[in-house]
Amino acid sequence: MSRAVCVYCSSWDGVDPSNLALAEAVGSGIAERGWTLVSGGGRRSMMGAVAKAARAGGARTVGVIPRSMVEREWADHDADELLITDTMRERKALMDAHADAFITLPGGLGTCEELVETWSAGVLNLHAKPVVLLDPNGHYDGLMAWMNELVDAGFAGPTSISRLVRAADVSTALDACAGPVAV
């Protein structure tokens, strides 16, 4: 089954090399399955690593990037398809539209925001696509603890948490992208 997997991850330089290796493994895994990578269209850091590895394995890559980032020379001009938007909101909408599933890797505010928006949309039944958190080293443990507090306080239902698939390794994350959504 052909899939397009959107990968959210950091585009900031200076991340731990283990995170770059994780991004490369995800890109390679997408390619091994014959899938398409959808990314934020950047060539730096983890975002660049996932795209380069996917292409090296023969995967098609679709990058979506705001014009302001292209102008700063951050764009992955080697992408098979590079879509340029005017705003970040347009970027996320195009990424969502091109994806059959989502994987979030360790990252900062932007990555976290993308995760929460996609996850929330799934909880609200605005899409039925798998949302996967690939977190082998506990980067998002604080976020997950807070989410459990929200459930305990009645601000979110227990199914909110179960709508997110947590994975500790690349194979499990990719398997979750191929399967049905658990609710």
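Higher on the page you've got the structure.
Below or above, wherever it landed, is the structure these notes cover. (Residues numbered from 1 in each chain as written. Predicted model: local features only at pLDDT ≥ 70, side-chain atom pairs only at ≥ 80, totals over all residues. Heavy atoms only, no water.)

Regarding the overall build of the protein
Moving on, step 1. A tally of helices and strands in the protein yields eight helices and seven strands.
Moving on, step 2. By the compact-globule yardstick of 16 Å for 183 residues, the protein fits well, its C-alpha radius of gyration being 15 Å.
Moving on, step 3. For the C-alpha atoms alone, the extent of the protein along its principal axes is close to 45 × 30 × 30 Å.
Moving on, step 4. When each of the 183 residues of the protein is scored for burial, the buried share is 49%.
Moving on, step 5. In the protein, once contacts between residues fewer than 6 apart in sequence are set aside, the share between residues at least 24 apart is 70%.
Moving on, step 6. Counting 15 positive and 23 negative side-chain charges, the protein places the centres of these two groups 4 Å from one another. (Helix = DSSP H or I, 4+ residues; strand = E, 2+ residues; numbered from the N terminus. Rg over C-alpha atoms; globule rule 2.2 N^0.38 Å. Buried < 20%, exposed > 50% of the residue type's maximum accessible area, 1.4 Å probe, protein only. Contact = heavy atoms within 4.5 Å. Lys, Arg positive; Asp, Glu negative; His and termini not counted. Charge placed at Lys NZ, Arg CZ, Asp CG, Glu CD.)

Here we look at the sheet that holds strand E4 (residues 81-85)
The strands making up a sheet are joined through hydrogen bonds of the backbone, oriented either antiparallel or parallel.
Moving on, step 1. Sheet architecture is open: seven strands sit in the order E4-E3-E2-E1-E5-E6-E7, paired in parallel fashion. Two strands close off the open sheet at either side, each with one partner strand: E4 and strand E7 (164-167). In this sheet, neighbouring strand axes are inclined to one another by 20° on average, regardless of whether the strands run parallel or antiparallel.
Moving on, step 2. As judged from the three bridges shared by strand E1 (residues 4-8) and strand E2 (residues 36-39), these two strands associate in the parallel manner. Bridge pairing in E2 links Cys6 to Val38.
Moving on, step 3. Helix H4 (residues 88-98) rests against E1, E2, strand E3 (60-66), E4 and strand E5 (101-104) of the sheet, and its axis sits at about 160° to E3. (Pairing = 2+ DSSP bridges. Axes fitted to C-alpha atoms, helices over the stretch in contact; angles between N-to-C directions.)

Considering the side chain of Thr111
Moving on, step 1. Inspection of the secondary structure puts Thr111 in helix H5 (residues 109-123).
Moving on, step 2. Among the residues examined, Thr111 registers a relative accessible area of 5% and is labelled buried.

What about the packing of aromatic side chains?
Moving on, step 1. Summed over all chains, the structure comprises two aromatic pairs.
Moving on, step 2. Aromatic pair Tyr8 and Phe102: ring centres 6.0 Å apart, planes at 10°, arrangement stacked. A residue pair is termed long-range when its members are at least 10 positions apart, and Tyr8 in strand E1 and Phe102 in strand E5 qualify at 94 residues. One exposure class covers both Tyr8 and Phe102, and it is buried. (Phe/Tyr/Trp six-rings, centres within 6.5 Å; stacked < 30°, edge-to-face > 60°.)

Some remarks on the pattern of salt bridges
Moving on, step 1. Under the counting rule described, the total for this entry stands at eight salt bridges.
Moving on, step 2. As a salt-bridge pair, Asp175 and Arg33 come within 2.6 Å of each other at their nearest N and O atoms. With Asp175 in helix H8 (residues 170-178) and Arg33 in the loop between helix H1 (17-32) and E2, the pair connects residues that are 142 residues apart, well separated along the chain.
Moving on, step 3. By relative accessible area, which is 44% here, Asp175 ends up partly exposed.
Moving on, step 4. On the basis of relative accessibility, which here comes to 31%, the residue Arg33 falls in the partly exposed class.
Moving on, step 5. Between Arg60 and Glu81 there is a salt bridge whose closest N-O contact spans 2.6 Å. Placement of the pair is Arg60 in strand E3 and Glu81 in strand E4, with a sequence separation of 21 residues.
Moving on, step 6. Overall, Arg60 belongs to the partly exposed group, its relative accessible area being 39%. (Salt bridge = Lys/Arg side-chain N within 4 Å of Asp/Glu carboxyl O.)

A short note on the packing of H4 against H5
When two helices pack together, their arrangement is given by the angle between their axes and by how far apart the axes lie.
Moving on, step 1. Taken N-terminus to C-terminus, the directions of H4 and H5 make an angle of 55°; their axes are 12 Å apart at the nearest point. Here H5 runs oblique to H4, going by the angle between their axes. Crossing handedness for the pair H4 and H5: right-handed. Across the interface between the two elements, Arg91, Lys92 and Asp96 of H4 pack against Glu113, Glu114, Glu117 and Thr118 of H5.
Moving on, step 2. Each residue belonging to the contact of H4 with H5 can be placed in one class, and the counts come to no nonpolar, one polar and six charged. (Parallel < 35°, antiparallel > 145°, perpendicular 65-115°, else oblique. Left-handed = near helix turned anticlockwise from the far one by under 90°. Nonpolar A, V, L, I, M, F, W, Y, C, P; charged D, E, K, R; others polar.)

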